[in-house]
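As a plain string of letters, each chain reads:
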Protein chains: 2
Amino acid sequence: MLNRVRSAVAHLVSSGGAPPPRPKSPDLPNAASAPPAAAPEAPRSPPAKAGSGSATPAKAVEARASFSRPTFLQLSPGGLRRADDHAGRAVQSPPDTGRRLPWSTGYAEVINAGKSRHNEDQACCEVVYVEGRRSVTGVPREPSRGQGLCFYYWGLFDGHAGGGAAEMASRLLHRHIREQLKDLVEILQDPSPPPLCLPTTPGTPDSSDPSHLLGPQSCWSSQKEVSHESLVVGAVENAFQLMQDEQMARERRGHQVEGGCCALVVIYLLGKVYVANAGDSRAIIVRNGEIIPMSREFTPETERQRLQLLGFLKPELLGSEFTHLEFPRRVLPKELGQRMLYRDQNMTGWAYKKIELEDLRFPLVCGEGKKARVMATIGVTRGLGDHSLKVCSSTLPIKPFLSCFPEVRVYDLTQYEHCPDDVLVLGTDGLWDVTTDCEVAATVDRVLSAYEPNDHSRYTALAQALVLGARGTPRDRGWRLPNNKLGSGDDISVFVIPLGGPGSYS
Amino acid sequence: MLNRVRSAVAHLVSSGGAPPPRPKSPDLPNAASAPPAAAPEAPRSPPAKAGSGSATPAKAVEARASFSRPTFLQLSPGGLRRADDHAGRAVQSPPDTGRRLPWSTGYAEVINAGKSRHNEDQACCEVVYVEGRRSVTGVPREPSRGQGLCFYYWGLFDGHAGGGAAEMASRLLHRHIREQLKDLVEILQDPSPPPLCLPTTPGTPDSSDPSHLLGPQSCWSSQKEVSHESLVVGAVENAFQLMQDEQMARERRGHQVEGGCCALVVIYLLGKVYVANAGDSRAIIVRNGEIIPMSREFTPETERQRLQLLGFLKPELLGSEFTHLEFPRRVLPKELGQRMLYRDQNMTGWAYKKIELEDLRFPLVCGEGKKARVMATIGVTRGLGDHSLKVCSSTLPIKPFLSCFPEVRVYDLTQYEHCPDDVLVLGTDGLWDVTTDCEVAATVDRVLSAYEPNDHSRYTALAQALVLGARGTPRDRGWRLPNNKLGSGDDISVFVIPLGGPGSYS
């Protein structure tokens, strides 16, 4: 992910384009955390200096100390060294001999080819018990009703500009989700629609009782019915925000949270699978060979209009350095007065406009595909962390343009009878940069059919096959796929979740 | 459409809810243009006072003077009276004997059941010739290349709070599109990619020549390639904005443009169909029985997050009267301190929050379905006009929340061999409120199969059948459908465009 955070501005200056309005200030507090500008088209570049970790010896020590891999990998010190080896790039999975992951989930990961010191992906897989708070609805609880709820949880966190944010999110995000669900334990287990309003003191009659509301209701159409499902979605959304607030609070207390991370999270709760994505990781279901997308990527290209609108409404966020307009290439000073194609925040098409002085500023959004950037710096637009991220050679913060909110999609497991070959595949962009959905589906078919349906190791074998297929093998001074194209030089992490779930098949 | 612009605030006050912060000021300049609060659930209500037209006798005259139906209907004075008769609700179509509409397009319309004085829908169907401006690219024009371009144009405009904006847009929007296309005549006819930059003086070499740009290009990834198609999309988008600017300029000169309108526009140009929608009209293609949606509706529900974000970023637009948060029903003062479900602009799910004083304000977005409203006033969020629209009993303008920008979808006619039964159906919400896409497809099949494929009147018959099917027949003190449900009491207008196009079949 590191190559998604870089300075195009710096390149621009060195290559003779219009200079940015501010001079480079190497002594800015954030200059140290700006990553080196790696060549984005060369993810297989030789081992480079680590991101922010290598800026000073002290920081390097701190980064090394905080380096970790998911605990479920049960890595020995030797295993940790192998997992951290950019040259060998050994694929890591939980040991056969250890405790299986819930649902016999398969997992595999591999470190990048050298673009950052450590693997900046993190992963988490947990069964989380949520104890309900005392009765929130005011209705005395039936003794027969369960006191708590369990949810299954899988998370992939793809860090950039350091591994701190990903590491922190992998440790804490599911706890925030649990906190958000605590108030809902009773409500989610009650088949009647959720109360719209909760009394301040238990035992008070629920004021959302429609009989209290006939007056205002008459104008306001009927009250909206809110589903149990949308309460879980709201809980996950707010958990992402609280995770972000916690990271920010930590920064305020002077503990730097290194970098930022994309977060892709799956929850199984009461028959439904919730897939929450903030960033450019991806989740797909492969069911009977059919592909069902369960997420979409949030990048400067897919979120162009949101970003431009924000820049348009809050021009102070652009400083005097950026324009919210998009141009198909950099505007040159000598082109002043000529007419160039542009897109404004309301447009999906292009039109010509006369170039004015302001158009010579650097565009808020520029580039295409993996090279697309916000403020010439970052290539993803949603995620956690990045609180100290600044535009290179400037004090302009980028965080206001980044959103911590995930898009949550829901899949009802009970609506379809799943067979052992139906899986939910989660991968960081290291997988998807070089692998299409169809190729993943083909690998699912090929690998799973080689194992007995009740062989639980098949899902780990599948995750390993996917990671290996995206990494490739070392050949011609690089990692190459069988078709001789470049493999992914990024960190690659994959979960394979069998959709049978607990007890659905043995 | 009138019932989409009403005052829920006024109802609220009268029904005992929390009072709005401002008292009713009947002498406000905009009070006169606020429509009477019609019962939204009774579109078949008996003939009521017209929208703003009936506010004063002078205004009534003005409204009557400006009342018109599409010229292609070729209505005699007697025909105009019949078209304006709320009791009979006779379906209107172009006469068999007159000149056929381009492409043998079918059209039918019917006036509302009395909710506004006149039919506030308008329609336009034209073949527009675009003469190119002098060479814009600087390259001498080949003598063999055509000097101009033709496009086919269909527009439906669904007015609210008066017919002025719809009438003006139906007369002028295609001219704005023509103006926008003038610069593109030469470029669209040239198969090479559009130039990114146009020289100020013809004959100057095109500065977008890549050889000029090697320096800055190296950092900025490659320049974006812009398609011809996206230039047409941009031209249509900007034409909507210019139409809106013209309406605003007219208002500034003291000529009131009465009300606002949704706009659904189709352009056929160089083999492609462009469907531009701003509002809650709808376009679908029925091809070989299959339904292809060509638009989506823009309402307070579908645009909730855009509206809430704007209110959040620009709280001054909410005055002290509204909150950008959404609640599932009105919050009561006595519920202060309790916890109620809410949605913020980043959320798709719901969560509980403690009710504070600010939450007692009226929500920016409220209601469901046809009763959903922005600022308790308007039920559509995109369109033209509405420059003077204010919140009832307040001076707070609503226009900042409305967008004039359409969503443009493109359909390549050359990618599929169309048969005479393949059609593009455009309808105002009067059709779609009571008719599903599938019902339209069934009517397409039923009506067209009753006519010879080369009988050009079949498309008019189909449009009439669709309008009749949505209007119903007078029975039990209302207009009723065969299933005894209420028919649409709204204005209903339908275009049926055969997709064979000119010369594709005879």
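For clarity, every value in this text was computed on a predicted model and none was experimentally measured.

Calculation notes
- Think of each chain on its own: its residues are numbered from 1, step by step along the sequence as written.
- For naming, the first written chain is A and the first written ligand is 1, with later ones following in the order written.
- With the structure being a predicted model, the display of local features is reserved for residues of pLDDT at least 70 and the display and counting of side-chain atom pairs for 80 or more, all residues being used for whole-chain, interface and lining totals.
- Excluding hydrogens and water, the side-chain values take into account all heavy atoms of the structure.
- Helix and strand labels come from DSSP, where a helix needs a run of H or I of at least four residues and a strand needs a run of E of at least two; each type is numbered from the N terminus.
- The contact criterion used throughout is that any non-hydrogen atoms of two residues lie within 4.5 Å.
- Accessible areas in this description were obtained via Shrake-Rupley with a 1.4 Å probe; residue shielding takes into account the shown protein chains only.
- Looking at any residue, its pLDDT shows the predictor's confidence there, from 0 to 100.
- Note: two strands are recorded as paired if DSSP finds a minimum of 2 bridges between them.
- Whenever a helix is involved, its axis is fitted only over the stretch in contact; in every case the axis is a line through C-alpha atoms, and angles between N-to-C directions fall within 0 to 180 degrees.
- Each helix should span, by expectation, one fewer than its residue count multiplied by 1.5 Å.
- Working definition for bend: take the seven residues up to and ending at a residue and the seven starting at it, fit an axis to each, and measure the angle between the axes.
- Only protein chains enter the accessibility calculation, which uses a 1.4 Å probe. A residue is then buried if its area is under 20% of the maximum for its type, exposed if over 50%, and partly exposed in between.
- Each angle gets one of four labels, with under 35 degrees taken as roughly parallel, over 145 as roughly antiparallel, 65 to 115 as roughly perpendicular, and the rest as oblique.
- When the near helix sits turned anticlockwise from the far one by under a right angle, the crossing is termed left-handed; a clockwise turn instead gives a right-handed crossing.
- Side-chain atoms alone can form a polar contact between residues adjacent in sequence; in general such a contact is a pair of N or O atoms within 3.5 Å, and within protein one must be able to donate a hydrogen while the other accepts it.
- We define a salt bridge as a contact between a side-chain nitrogen of Lys or Arg and a carboxyl oxygen of Asp or Glu at a distance within 4 Å.
- Stacked, tilted and edge-to-face are the three classes applied to pairs of Phe, Tyr and Trp rings, where Trp contributes its six-membered ring and a pair requires centres within 6.5 Å; stacked means planes under 30 degrees apart, edge-to-face means over 60, and tilted covers the rest.
- Whether a charge lies above a ring is judged from NZ of Lys or CZ of Arg, which has to be within 6 Å of the ring centre and within 35 degrees of the ring normal.

1. Remarks on the overall build of chain A
Argument step 1. Within chain A, the secondary structure is distributed over 11 helices and 20 strands.
Argument step 2. Across chain A, every contact between residues at least 6 apart in sequence was considered, and the portion connecting residues at least 24 apart equals 70%.
Argument step 3. A total of about 20,000 Å² of accessible surface is found on chain A, and carbon and sulfur atoms cover 53% of it.

2. Concerning the confidence of the model for chain A
Argument step 1. Per-residue pLDDT for chain A averages 83, and the proportion of residues at 70 or more is 79%.
Argument step 2. Note on the complex model: pTM 0.85, ipTM 0.84.

3. Regarding the sheet that holds strand β7 (residues 282-287) of chain B
Residues and elements named next belong to chain B.
Argument step 1. A sheet is described by the order of its strands in space; here 5 strands give the open sequence β1-β20-β17-β7-β8, paired in antiparallel fashion. Every other strand in the sheet has two partners, leaving β1 (106-110) and β8 (290-293) as the edge strands with one partner each. When the angles between neighbouring strand axes are averaged without regard to direction, this sheet yields 20 degrees.
Argument step 2. Bridge count between β7 and β8: 4 bridges; the pairing is antiparallel. From the neighbouring strand, Arg287 faces β8, where its bridge partner is Glu290.
Argument step 3. Packed onto the sheet, helix α10 (residues 437-448) meets β7, β8 and β17 (423-427) and runs at close to 50 degrees relative to β7.

4. Observations concerning helix α4 (residues 164-182) of chain B
Argument step 1. A rise of 1.5 Å per residue sets the reference length of α4 of chain B, with its 19 residues, at 27 Å; its end C-alpha atoms lie 28 Å apart and thus fit the reference within 8%.
Argument step 2. Maximal helix bending in α4 of chain B amounts to about 40 degrees, located at Ser170 of chain B.

5. With respect to unusual backbone geometry
Argument step 1. Positioned with a positive phi, Ser104 of chain A is a non-glycine residue whose angle comes to about 60 degrees.
Argument step 2. Here Ser104 of chain A shows up in the loop between α3 (77-83) and β1 (106-110).
Argument step 3. Look at Ser104 of chain A and you get buried, because its relative accessible area is 9%.
Argument step 4. For Asn288 of chain B, which is not a glycine, the phi torsion comes out positive at approximately 55 degrees.

6. Side note on the pairing of β17 of chain B
Residue and element names in this part refer to chain B.
Argument step 1. Within β17, 5 of the 5 residues are buried, leaving the element largely enclosed by the surrounding structure.
Argument step 2. Of the two faces of β17, the one holding Val423, Val425 and Gly427 and the one holding Leu424 and Leu426 are both buried throughout.
Argument step 3. As paired elements, β7 and β17 share 5 bridges and run antiparallel to each other. Across the sheet, Ile284 pairs through a bridge with Val425, a residue of β17.

7. Here we look at the sheet that holds strand β4 (residues 197-198) of chain B
Argument step 1. What the 3 strands build is an open sheet, ordered β11(A)-β10(A)-β4(B); its pairing is antiparallel. Of all the strands in the sheet, the pair left with one neighbour each is β11 (351-354) of chain A together with β4 of chain B.
Argument step 2. Across 2 bridges, the pairing between strand β10 (residues 339-342) of chain A and β4 of chain B is antiparallel. Opposite Met340 of chain A, over in β4 of chain B, you have Cys197 of chain B as the bridge partner.

8. Thoughts on the packing of helix α10 (residues 437-448) of chain A against helix α11 (residues 458-471) of chain A
Geometrically, a packed helix pair is captured by the angle between its two axes and the distance between the axes.
Residue and element names in this part refer to chain A.
Argument step 1. The geometry of α10 relative to α11 is characterised by a closest axis approach of 9 Å and an angle of 140 degrees between their N-to-C directions. Here α10 lies oblique to α11, going by the angle between them. In this structure, α10 meets α11 at a crossing whose hand is right-handed. Taking contact as the criterion, the partners of Val440, Thr443, Val444, Val447 and Leu448 in α10 are, on α11, Arg458, Tyr459, Ala461, Leu462, Ala465 and Leu466.

9. Digging into helix α8 (residues 304-313) of chain A
Argument step 1. All of the buried residues in α8 of chain A are Arg304, Leu307, Gln308, Leu310, Gly311 and Leu313 of chain A.
Argument step 2. In the core, the buried residues of α8 of chain A are packed alongside β13 (365-366) and β14 (373-374) of chain A together with α8 (304-313) of chain B.

10. Things to note about the side chain of Glu109 of chain A
All names here are of chain A.
Argument step 1. Summarising the element assignment, Glu109 is placed in strand β1.
Argument step 2. Within polar-contact distance, the side chain of Glu109 engages the side chain of Tyr107 at 2.6 Å.
Argument step 3. Non-local contacts of Glu109, meaning those with residues more than four positions away in its chain, are made with Arg69, Pro70, Leu73, Ala90, Val91, Gln92, Asn119, Val467, Ile492 and Ser493.

11. Some details on the packing of helix α4 (residues 164-182) of chain A against helix α7 (residues 228-252) of chain A
All names here are of chain A.
Argument step 1. Taken N-terminus to C-terminus, the directions of α4 and α7 make an angle of 130 degrees; their axes are 8 Å apart at the nearest point. Classified by the interaxial angle, the pair formed by α4 and α7 is oblique. The handedness of the crossing between α4 and α7 is right-handed. Here α4 contributes Ala165, Met168, Ala169, Leu172, Leu173, His176, Ile177, Gln180 and Leu181 to the contact with α7, which in turn contributes Ala235, Asn238, Ala239, Phe240, Leu242, Met243, Glu246, Gln247 and Arg250.

12. Quick word on the pattern of salt bridges
Argument step 1. Overall, the coordinates contain 46 salt bridges over all chains when judged by the stated rule.
Argument step 2. Residue Asp183 of chain B is joined to Arg339 of chain A by a salt bridge in which the shortest nitrogen-to-oxygen separation is 2.7 Å. Of the two residues, Asp183 of chain B is situated in the loop between α4 and α5 (185-188) and Arg339 of chain A in strand β10; the pairing between them involves two chains.
Argument step 3. Given the relative accessible area of 24%, Arg339 of chain A is considered partly exposed.
Argument step 4. Salt bridges sharing partners connect three or more residues here, namely Lys224 of chain A together with Arg304, Glu326 and Arg343 of chain B.

13. Notes on the environment of Glu258 of chain A
Residue and element names in this part refer to chain A.
Argument step 1. Residue position: Glu258 is located in the loop between α7 and β5 (260-269).
Argument step 2. Between the alpha carbons of Glu258 and Leu384 there is a distance of 11 Å; along the sequence they are 126 residues apart.
Argument step 3. Only 3.1 Å separates the side chain of Glu258 from the backbone nitrogen of Gly163, close enough to count as a polar contact.

14. Here we look at the pairing of strand β3 (residues 148-160) of chain A
Residues and elements named next belong to chain A.
Argument step 1. With 12 of its 13 residues buried, β3 lies for the most part within the structure.
Argument step 2. By the bridge criterion, 11 bridges tie strand β2 (residues 121-131) to β3 in an arrangement that is antiparallel. Across the sheet, residue Val130 finds its bridge partner in β3, namely Leu149.

15. Quick notes on the packing of aromatic side chains
Argument step 1. Throughout the structure, instances matching the rule amount to 20 aromatic pairs over all chains.
Argument step 2. On the numbers, 6.4 Å between centres and 20 degrees between planes, the contact of Tyr152 of chain B with Trp154 of chain B is stacked. When sorted by exposure, Tyr152 of chain B lands in the same class as Trp154 of chain B, which is buried.
Argument step 3. Three or more aromatic residues joined by ring pairs form one cluster here, namely Trp103, Tyr152, Trp154 and Tyr268 of chain A.
Argument step 4. Positioned above the aromatic ring of Trp479 of chain A, the side-chain terminus of Arg89 of chain A is 5.0 Å from the ring centre.

16. What to know about the environment of Phe405 of chain B
Argument step 1. Relative to the helices and strands, Phe405 of chain B is located in the loop between β15 (384-385) and β16 (407-412).
Argument step 2. Overall, the relative accessible area of 4% leaves Phe405 of chain B in the buried class.
Argument step 3. Between the C-alpha atoms of Phe405 of chain B and Gln244 of chain B, which are 161 residues apart in sequence, the distance is 9.6 Å.
Argument step 4. Setting aside its immediate chain neighbours within four residues, Phe405 of chain B contacts Asn346 and Met347 of chain A together with Glu237, Gln241, Ala278 and Arg382 of chain B.

17. As for the environment of Ser393 of chain A
Residues and elements named next belong to chain A.
Argument step 1. Relative to the elements of secondary structure, Ser393 occurs in the loop between β15 (384-385) and β16 (407-412).
Argument step 2. Given a relative accessible area of 16%, Ser393 falls into the buried group.
Argument step 3. Taking the C-alpha atoms as reference, Ser393 lies 46 Å from Ala461; in sequence the two are 68 residues apart.

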